[in-house]
Amino acid sequence: MPVIEVRELVKRYGDLIAVDHVTFEVSEGEIFGFLGPNGAGKTTTIEILEGLRQPTSGFVRVLGLNPSDPDDASRLKWRIGVLPQDFNALDRLTVRENIGLFCSLYRNKVSPNELIKLVDLDEQADTQFYKLSGGLKQRVGLAVAMSGDPDLAFLDEPTAGLDPKSRRETWKVIEGLKGLGKTIFLTTHYMDEAETLSDEITIINRGRIVARGSPEQLINLYGGERKLVIKGDEKIYTVLTEEIGKKAIKVGDEIQITFSKSNEAVEVLRILSLKGLSFDFEVKRGSIEDVFLKLIGARITEEGELK
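Below you will find a few notes about this structure. (Residues numbered from 1 in each chain as written. Predicted model: local features only at pLDDT ≥ 70, side-chain atom pairs only at ≥ 80, totals over all residues. Heavy atoms only, no water.)

**Let's talk about the overall build of the protein chain**
- The secondary structure content of the protein chain amounts to eleven helices and 13 strands.
- Expressed as lengths along the three principal axes of its C-alpha atoms, the size of the protein chain is roughly 70 × 50 × 35 Å.
- Here the protein chain holds 307 residues, and the buried ones make up 46% of them.
- Partitioning the contacts of the protein chain with sequence separation of at least 6, the portion at a separation of at least 24 is 68%.
- Once the 41 positive and 49 negative side-chain charges of the protein chain are each reduced to a mean point, those two points are 1 Å apart. (Helix = DSSP H or I, 4+ residues; strand = E, 2+ residues; numbered from the N terminus. Buried < 20%, exposed > 50% of the residue type's maximum accessible area, 1.4 Å probe, protein only. Contact = heavy atoms within 4.5 Å. Lys, Arg positive; Asp, Glu negative; His and termini not counted. Charge placed at Lys NZ, Arg CZ, Asp CG, Glu CD.)

Okay, here's the thing in structure tokens:
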């Protein structure tokens, strides 16, 4: 039985359809990435799964329970952990006190010290919450989500608004949760986050599922051509465009060429070498960002908006 099973889920607000016949499954022990821009229906879906909102129609089971049924919802809350988008804790309590408070609310109590170690907050354990950076506050949130030793954790945009360094440190913590055998439902608008962390990705836009599969499957299906990235002699761009006739793009100090067959890249490199040009190169495969651009025709900004 899947940990989460959703079939033809619909959520309406008057004439607005926030979730439009959504269907997917989440397997035990995986990180499931739910990728989409702001307003795509991610948070509405996750709140239905948590039992915070009622669906308009459709079939939903979480850990074999129906979140819309009061009795099932009561049992479900002891088995899930939640990190909401705007997590906050008690400002004047320390990290240890905050985590200890949440642990005391659950039947399956976890040691606060174990959670502090899990999210790598040993050095900040006796620091008041309000003094922490945004990234460290999110780590407290991850510890709180684990305070009842849940089978399933919902992480709603866990790195939104964090700087790149804090985001990557948070990724390590999330990967550590998976290492404990936890199933993670991760909503995000960051392409690299979904690609790096997720075992399975479901892309949602305007309430509808656009594509589903592993990062590798999605890239192979929709990722498009690979890129040859070259750095070096200033003459390279001229040789590529005027002599070889390749369509090249300058991105900072890099020159990029897309190709579909390996021998195309090999031939370009051979010609540049014969001309005595000095350069470094690497081959980059398609990415989830390329997949999204191909499917939606737009990118997602840092703020989560389509552009």
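Moving on, there is more to tell.
**Quick notes on the environment of glutamate 8**
- Mapped onto the elements of the fold, glutamate 8 is located in strand E1 (residues 4-13).
- Glutamate 8 sits in the partly exposed class, given a relative accessible area of 43%.
- Not counting residues up to four positions away in its chain, the partners in contact with glutamate 8 are His21, Val22, Thr23, Ser57 and Gly58.

**Details of the packing of helix H9 (residues 236-244) against helix H10 (residues 262-274)**
- Across the interface, H9 lies against H10 with an axial gap of 11 Å and an inter-helix angle of 115°. As judged from the angle between their axes, H9 and H10 are roughly perpendicular. The hand of the H9/H10 crossing is right-handed. For the pair formed by H9 and H10, the contact residues are Ile236, Val239, Leu240 and Ile244 on the first element and Val268, Ile271 and Leu272 on the second.
- Among the residues making up the contact of H9 with H10, the classes are represented as seven nonpolar, no polar and no charged. (Axes fitted to C-alpha atoms, helices over the stretch in contact; angles between N-to-C directions. Parallel < 35°, antiparallel > 145°, perpendicular 65-115°, else oblique. Left-handed = near helix turned anticlockwise from the far one by under 90°. Nonpolar A, V, L, I, M, F, W, Y, C, P; charged D, E, K, R; others polar.)

**So, unusual backbone geometry**
- In this model, histidine 21 sits at a positive phi of 50°, which is unusual for a non-glycine residue.
- Among the secondary structure elements, histidine 21 is positioned in strand E2 (residues 16-26).
- Positive phi values are uncommon outside glycine, yet aspartate 149 reaches one of about 50°.
- A relative accessible area of 41% places aspartate 149 in the partly exposed class.

**A look at the side chain of glutamate 30**
- Along the polypeptide, glutamate 30 turns up in the loop between E2 and strand E3 (31-35).
- When near neighbours in sequence (up to four residues on either side) are disregarded, glutamate 30 contacts Glu25, Lys182, Thr183, Ile184, Asp199 and Glu200.

**Points about the pattern of salt bridges**
- Under the counting rule described, the total for this entry stands at 20 salt bridges.
- Note that aspartate 20 and arginine 208 form a salt bridge whose closest N and O atoms lie 2.7 Å from each other. Remark: arginine 208 occurs in strand E9 (residues 208-213) and aspartate 20 occurs in strand E2; sequence separation between them is 188 residues.
- Across the pair arginine 285 and glutamate 195 runs a salt bridge whose closest N-O atoms are separated by 3.1 Å. (Salt bridge = Lys/Arg side-chain N within 4 Å of Asp/Glu carboxyl O.)

**Here we look at helix H1 (residues 42-49)**
- Across the eight residues that make up H1, a large majority, seven, are buried.
- Among the residues making up H1, those that are buried are Lys42, Thr44, Thr45, Ile46, Glu47, Ile48 and Leu49.
- A positive backbone phi angle near 85° is found at glycine 51, which sits one or two residues after H1.

Any functional reading would require information that these geometric values do not contain.
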